[in-house]
Amino acid sequence: MFASAGDALLSHGMKQTGNISLHHLQSVIFAIGNPWVAAGILLLLAFFAAYTSALSWADLTYVLPATSLGYVVLALVARFALHEQVSPMRWAGIALITGGVGFVAGGPALTEHPEKPPPFGSAQGKLPREARGGAPSSSSQQATPVSSEAKS
Amino acid sequence: MKLLYTWSAILVIALASVVGDVLISHAMKQVGDVGLLRRRAGLWTVVARVVGNRNFVLGVGAMAVAFFSLLFALSWGDVSLVGPAAASLTFIGNAFAAKIFLHERVDRRRWIAALLVAGGVALLAG
């Protein structure tokens, strides 16, 4: 949601500032002063915080398709709240995205690497190797304060 | 000429996004589950560990390149072209990069998901 709304605000703001010439790169900096661009950047920062948090416990190829649900929500808001016309092609796009997210959501969130387990266990509640009786790895040593909680 | 500029910017956005996504994903796996870490050590510890990670900083740098390329692209082309085209290329590129560099198990289910989402995003622009 934040990403799609942020992109929309950025687009509106950049259309107000006009074309940016490669010979005047500093005008990109001035574009950030536009309130629409600034609001778009704030929403994109909120998206980034949620995105990095999800990446700490799930695979990139699991998280990234899920973020595309924002496109679907925006299209549904446009149709039912703003009463815009949504073409059959866009409905097909919504169906494809929903299907894609459903596909990936049905599988495991995190790839297990037997030789190098994730520091705090996966989203399915699996524990680090040392918690299962194996030798600690370098990545789990980095996470010592929390892995002790995971053991309990 | 404007279309050439737009597509060049789209390619730069997709490439920089893939590099940034891979680096940030790797960094966040090194940091660990931030929910657990925050409950155990507090929010500032989480922030310090994330910001102090070199891969995270490099990833944010790549994301900044993607962001400014997006600003250029949006000033040259429509958001209905730039957004979906860059997003679709990023989905496909990330599936390859995650398999090669992050050693994620990109099975048939995830390939299909990446292709469906990329196609769906492209159709939304229609």
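See the structure shown above.
Rules used throughout
Every chain's residues receive numbers from 1 upward, in the order its sequence appears when written. Here chains are named by letter from A upward and ligands by number from 1 upward, in the order in which they appear as written. Totals for whole chains, interfaces and linings use every residue, but because this is a predicted model, local features are given only for residues with pLDDT of at least 70 and side-chain atom pairs only at 80 or more, for both listing and counting. As a rule here, side-chain values cover all heavy atoms of the structure and leave hydrogens and water aside. In DSSP terms, a helix is any run of H or I states spanning at least four residues, a strand is any run of E spanning at least two, and both are numbered starting from the N terminus. Using a 1.4 Å probe on the protein chains alone, a residue whose accessible area is under 20% of its type maximum counts as buried, one over 50% counts as exposed, and one in between counts as partly exposed. Contacts are assigned to residue pairs that have any heavy atoms within 4.5 Å of one another. Using the Shrake-Rupley algorithm and a 1.4 Å probe, accessible areas are obtained, with residue cover drawn only from the displayed protein chains. Once two parts are brought into contact, the accessible area they lose, counted with a 1.4 Å probe and summed over both, makes up the buried area. Within this document, salt bridges are pairs made up of a side-chain nitrogen of Lys or Arg and a carboxyl oxygen of Asp or Glu, the two lying within 4 Å of each other. We define a polar contact as two N or O atoms separated by no more than 3.5 Å, with the added condition that, inside protein, one atom must be a possible hydrogen donor and the other a possible acceptor, whereas residues neighbouring each other in sequence contribute only through side-chain atom pairs. Three categories are distinguished: nonpolar for Ala, Val, Leu, Ile, Met, Phe, Trp, Tyr, Cys and Pro, charged for Asp, Glu, Lys and Arg, and polar for the others, with Gly belonging to the last. For helices, the fitted axis covers only the stretch in contact; all axes are lines through C-alpha atoms, and the angles between them, taken along N-to-C directions, range from 0 to 180 degrees. Throughout, a crossing is termed right-handed when the near helix is turned clockwise from the far one, and left-handed when it is turned anticlockwise from it by less than a right angle. Side-chain rings of Phe, Tyr and Trp (the six-membered ring for Trp) are treated as a pair once their centres are within 6.5 Å; stacked means planes under 30 degrees apart, edge-to-face means over 60, and tilted covers the remaining angles. By nonpolar core is meant a set of buried Ala, Val, Leu, Ile, Met, Phe, Trp, Tyr and Cys residues that side-chain atoms within 4.5 Å join together. For classification purposes, angles smaller than 35 degrees are called roughly parallel, those larger than 145 roughly antiparallel, those between 65 and 115 roughly perpendicular, and all remaining angles oblique. Patch construction takes residues with relative accessible area above 30% that form no salt bridge. Like charges are linked within 9 Å, and nonpolar side chains (Val, Leu, Ile, Met, Phe, Trp, Tyr) are linked within 5 Å. What the arc measures is the spread of directions leading from the helix axis to the C-beta atoms.

1. Some remarks on the overall build of chain A
- Along chain A, the regular secondary structure elements total 8 helices and 0 strands.
- Counting from the amino terminus, chain A carries its helices and strands in the arrangement α-α-α-α-α-α-α-α.
- Among the 152 residues that make up chain A, the fraction classed as buried is 39%.
- Considering only intrachain contacts with a sequence separation of at least 6, the fraction spanning at least 24 residues in chain A is 47%.
- Accessible area for chain A stands at about 7,800 Å²; split by element, carbon and sulfur atoms hold 67% of it.

2. Brief notes about the interface of chain A and chain B
- Listed as interface residues are 58 residues of chain A and, on the opposing side, 55 residues of chain B.
- In total, chain A and chain B occlude about 4,900 Å² of area from one another, counting both sides; carbon and sulfur atoms represent 70% of this.
- The shortest N-O distance in the salt bridge between Asp 59 of chain A and Arg 110 of chain B comes to 2.8 Å.
- Where chain A packs against chain B, one counts 9 residue pairs in polar contact (both at pLDDT 80 or more).
- Of all the secondary-structure elements, those providing two or more residues to the side of chain A that touches chain B are helix 1 (2–17), helix 3 (35–55), helix 4 (60–67), helix 6 (88–105) and helix 8 (144–151) of chain A.
- Counting residues per element, the side of chain A that touches chain B draws most heavily on helix 6 of chain A, at 12 residues.
- Looking at the side of chain A that touches chain B, its residues break down into 35 nonpolar, 18 polar and 5 charged.

3. Topic: the packing of helix 3 of chain A against helix 4 (residues 54–76) of chain B
- Relative orientation of the contacting elements helix 3 of chain A and helix 4 of chain B amounts to 145°, with a least axis distance of 14 Å. Seen along the crossing, helix 3 of chain A lies across helix 4 of chain B with a hand that is right-handed. Facing helix 3 of chain A, whose interface residues are Ile 41, Leu 44, Phe 48 and Thr 52 of chain A, helix 4 of chain B presents Phe 56, Val 60 and Phe 67 of chain B.
- Class assignment for the residues of the contact of helix 3 of chain A with helix 4 of chain B results in 6 nonpolar, 1 polar and no charged.

4. Side note on the packing of aromatic side chains
Residue and element names in this part refer to chain B.
- What the rule picks out here adds up to 6 aromatic pairs over all chains.
- With a centroid separation of 5.4 Å and 70° between ring planes, the pair formed by Phe 67 and Phe 68 is classed as edge-to-face.
- A relative accessible area of 29% places Phe 68 in the partly exposed class.
- Linked through ring pairs, Tyr 5, Phe 72 and Trp 76 together constitute an aromatic cluster.

5. Remarks on the nonpolar core
- Counting residues in each nonpolar core, the largest one holds 37 residues, and the members touching the most others are Leu 55 and Leu 60 of chain A together with Met 28 and Phe 91 of chain B.
- The element contributing the most residues to this core is helix 1 (residues 2–31) of chain B, with 6 residues.
- Among all residues touching Leu 55 of chain A, those that are not within four sequence positions of it are Leu 60 and Val 63 of chain A together with Ile 24, Ser 25, Met 28 and Lys 29 of chain B.
- Among the nonpolar cores identified, the runner-up in size contains 20 residues, and Ala 31 of chain A together with Phe 67, Val 82 and Ala 85 of chain B belong to it.

6. So, the packing of helix 6 of chain A against helix 6 (residues 108–124) of chain B
- Contact pair helix 6 of chain A / helix 6 of chain B: the axes reach a minimum separation of 7 Å and the direction vectors enclose 160°. By the criterion of interaxial angle, the relationship of helix 6 of chain A to helix 6 of chain B is roughly antiparallel. Crossing hand, helix 6 of chain A versus helix 6 of chain B: left-handed. For the pair helix 6 of chain A and helix 6 of chain B, the contacting residues are Met 89, Arg 90, Ala 92, Gly 93, Ile 94, Leu 96, Ile 97, Gly 99, Gly 100, Val 101, Phe 103 and Val 104 of chain A in the first and Arg 109, Arg 110, Ile 112, Ala 113, Leu 116, Val 117, Gly 119, Gly 120, Val 121, Leu 123 and Leu 124 of chain B in the second.

7. Let's talk about a nonpolar patch on the surface
Residues and elements named next belong to chain B.
- A contiguous nonpolar patch, built from Leu 3, Trp 7, Leu 11 and Leu 89 and spanning about 390 Å² of accessible area, is present on the exposed surface.
- In terms of residues, the nonpolar patch owes the most to one element, helix 1, which gives 3 residues.
- By the secondary structure assignment, Leu 3 is in helix 1.
- With a relative accessible area of 56%, Leu 3 lands in the exposed category.

8. Observations concerning helix 2 (residues 34–41) of chain B
Residues and elements named next belong to chain B.
- When helix 2 is considered as a whole, its buried residues turn out to be Val 34, Leu 36 and Leu 37. With its buried residues spanning 155° around the axis, helix 2 presents them on a single face.
- Residue Asp 33 occupies the N-cap position of helix 2, its side-chain oxygen lying 2.9 Å from the main-chain nitrogen of Gly 35.
- The first or second residue beyond helix 2 is Gly 42, which carries a positive phi of 100°.

9. Considering the pattern of salt bridges
- Enumeration according to the criterion identifies 3 salt bridges over all chains in this entry.
- Note that Arg 110 of chain B and Glu 104 of chain B form a salt bridge whose closest N and O atoms lie 3.9 Å from each other. Residues Arg 110 of chain B and Glu 104 of chain B agree in their burial class; the two are buried.
- The residue Asp 107 of chain B makes a salt bridge to Arg 105 of chain B at a minimum N-O spacing of 3.9 Å.
- In this structure Asp 107 of chain B comes out as partly exposed when scored by relative accessible area, which is 23%.
- A network of salt bridges, in which partner residues are shared, links Asp 59 of chain A together with Glu 104 and Arg 110 of chain B.

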